[in-house]
Amino acid sequence: MPAVGVISSSGNNKEYPGKLTPFVLVTCVVAGMGGLIFGYDIGISGGVTSMGSFLKKFFPSVYMKQQARSGTNQYCQYDSETLTLFTSSLYLAALISSLVASIITRKFGRKLSMLFGGMLFFVGALINGLAKAVWMLILGRILLGFGIGFANQSVPLYLSEMAPYKYRGALNIGFQLSITIGILVANVLNYFFAMIKGGWGWRLSLGGAMVPAIIITIGSLVLPDTPNSVIERGKHAEAKEKLKRIRGIHDVDEEFNDLIAASVASNQVENPWGNLLQRKYRPHLTIAILIPFFQQLTGINVIMFYAPVLFKTIGFKDDASLMSAVITGLVNVVATIVSIYGVDKWGRRFLFLEGGTQMLICQAVVAACIGAKFGVDGNPGELPKWYAIVVVLFICIYVAGFAWSWGPLGWLVPSEIFPLEIRSAAQSINVSVNMLFTFIIAQIFLTMLCHLKFGLFIFFAFFVMVMSIFIYLFLPETKGIPIEEMSMVWKKHWYWSRFVDCDDKDYADGGLEMGKGN
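First, a word on scope: everything that follows refers to the structure included in this document.

Thresholds, definitions, all that
Residues numbered from 1 in each chain as written. Predicted model: local features only at pLDDT ≥ 70, side-chain atom pairs only at ≥ 80, totals over all residues. Heavy atoms only, no water. Axes fitted to C-alpha atoms, helices over the stretch in contact; angles between N-to-C directions. Helix = DSSP H or I, 4+ residues; strand = E, 2+ residues; numbered from the N terminus. Parallel < 35°, antiparallel > 145°, perpendicular 65-115°, else oblique. Left-handed = near helix turned anticlockwise from the far one by under 90°. Contact = heavy atoms within 4.5 Å. Nonpolar A, V, L, I, M, F, W, Y, C, P; charged D, E, K, R; others polar. Core = buried A, V, L, I, M, F, W, Y, C linked by side-chain atoms within 4.5 Å. Buried < 20%, exposed > 50% of the residue type's maximum accessible area, 1.4 Å probe, protein only. Salt bridge = Lys/Arg side-chain N within 4 Å of Asp/Glu carboxyl O. Expected span 1.5 Å × (residues − 1).

All right, on to the packing of helix α6 (residues 110–129) against helix α10 (residues 210–222) then. Relative to each other, α6 and α10 sit at 160°, their axes nearing to 8 Å. The orientation of α6 relative to α10 falls into the category roughly antiparallel. For α6 against α10, the interelement crossing comes out left-handed. Only M210, A213, I214, I216, T217, S220 and L221 of α10 make contact with α6, whose side of the interface consists of K111, M114, L115, G118, M119, F121, F122, A125 and L126. Of the residues in the contact of α6 with α10, the class split is 12 nonpolar, three polar and one charged.

What follows is the structure in structure tokens.
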């Protein structure tokens, strides 16, 4: 087997001058808040669908099955197509809007896409909080999805373009950190809102999404545009001044000239969507499709969408299931911070492979634990406290593995590898594939749980093994490579080099080595 190509630390890659200025740090923190709307929704939906008052009002058949505990297969008590449509409709809408967002992001800048995302999410949250019927819930979810499609398309690009290349990984993961904080906040609010007398706490949970929507809307109005985006619109003098401020130095000529060259190449492309199909972009397109595809097949959304539902299904009482979801949410945040620390130090490949191994082991253990106690009929009787603790412990270790690997890197790696001429279109492909398979998993999970039972965890464990092999063989290391010099990583890769043009000067000069480590 040929070695996997990576960049040598001693190679002749360009090193642009500049530093991490307070201005860039604050800017990236504010922009990264765009992840709050995605994370809040992921966390809130699972908690709300486990609240009896919510189910009784909108999904009475599920509520009746939940109340008839005796003789009911615990794996199947939430199996309802309407209930899963409530959760999954958002992601289908996000898929569609991300394609539209590509055009706006390219022609009018990253900020406008972020603004649209925040405004649409706000309206969707308002409708959900005031919902009187199922159709209002689904309409609100669709508008939430439109907002998420715009935000997820623009925010990772914004962060990758603003950040100095040495800190790009850490700053870009700020988006994923915001997602995990949104999940944690949603889980905590669900726990307390579920205690409100009168059973209307779910309205606060759903309506509370207006808060992160306001944050990203205001943030999009005050943030500066990226130099890349300003150059794309022909404002070169303004872009150079922005670059000087962002990097904190006056000597930005080399980086600025490279941005101009990338923009010239970009403007020569009349149809970036068609351009994606060219042979030289085969590596980029493959990564844009397979990374988000595999990210959803880790099984993480089974945990984060339906954590309270899942814990309730495996024998936890109502409050205990919500608290268990809070615990996993807290683990998610802490582990993402670990990724921020290590991504530019240890590299992307190491985190991908370590996290994959950790998730694989935990999924096997959880499947064994649930299978041993529940069997096939799903009637375990009283679940011992120590047994429940073991299940939660391994689920938390699994969540940690995802949160410092496939969670943040699933957004970071695709956003940093695309050349400017295909960047917006390729990022839309990335978001669309992510949302498509998020929709599919959300729509079929409860049915799969009912039919596959504890084997569902084995199903996802299989894909974790497959995607870890894919990373080992086909993903080059992108740590420490300037975003406009990223083409270098493909030109000495043992497999992708056959698709990329190899006759330019950079390639002739070398500067890349073959190897498995950095």
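More follows now that the structure is in view.
Between α6 and helix α7 (residues 134–162), the shortest axis-to-axis distance is 7 Å and the interhelical angle comes to 155°. Comparing their axes, α7 and α6 come out roughly antiparallel. As for how α6 packs across α7, the hand of that crossing is left-handed. Looking at side-chain class alone, the contact of α6 with α7 contains 18 nonpolar, seven polar and three charged residues.

A separate point is the nonpolar core. Grouped together as the largest cluster of nonpolar side chains are 116 residues, with contacts concentrated most on F54, F59, W406 and M435. Here this core takes 13 residues from helix α21 (residues 420–452), the largest share from any one element.

This part is about the pattern of salt bridges. The tally for this structure, following the rule as stated, stands at eight salt bridges. Here D41 ties to R141 by a salt bridge, and the two come within 2.6 Å at their closest N and O atoms. Highlighted residues: D41 in helix α2 (residues 34–48) and R141 in helix α7, separated in sequence by 100 residues. Since its relative accessible area comes to 0%, R141 is described here as buried. Put simply, R247 and E255 hold a salt bridge, and the shortest N to O gap is 3.0 Å. Residue R247 shares its accessibility class with E255, and that shared class is buried. What emerges from the salt-bridge pattern is a single network uniting R168, D344, R348 and E416.

What follows deals with α6. Between its first and last C-alpha atoms α6 spans 29 Å; for 20 residues at 1.5 Å apiece the expected length is 28 Å, and the two agree. For α6, the complete set of buried residues consists of R110, S113, M114, L115, G117, G118, F121, G124, A125, I127, N128 and G129.

Another point: the side chain of S468. As for its placement among the helices and strands, S468 is situated in helix α22 (residues 455–474). Look past the residues within four positions of S468 in its chain and what remains in contact with it is L353 and G356.

Along an α-helix, residues three or four positions apart point the same way, because every turn accommodates 3.6 residues. Here helix α19 (residues 385–403) spans 27 Å end to end across 19 residues, near enough to the 27 Å set by a 1.5 Å rise per residue. Within α19 the residues assigned to the buried category are Y387, A388, V391, V392, I395, C396, Y398, V399, A400, G401, F402 and A403.

Following the sequence through the fold, I481 ends up in the loop between α22 and α23 (505–509). Spatially, the C-alpha atoms of I481 and K166 are 7.6 Å apart, while their sequence positions differ by 315 residues.

Take it as geometry only, folks, not as evidence of what the structure does.
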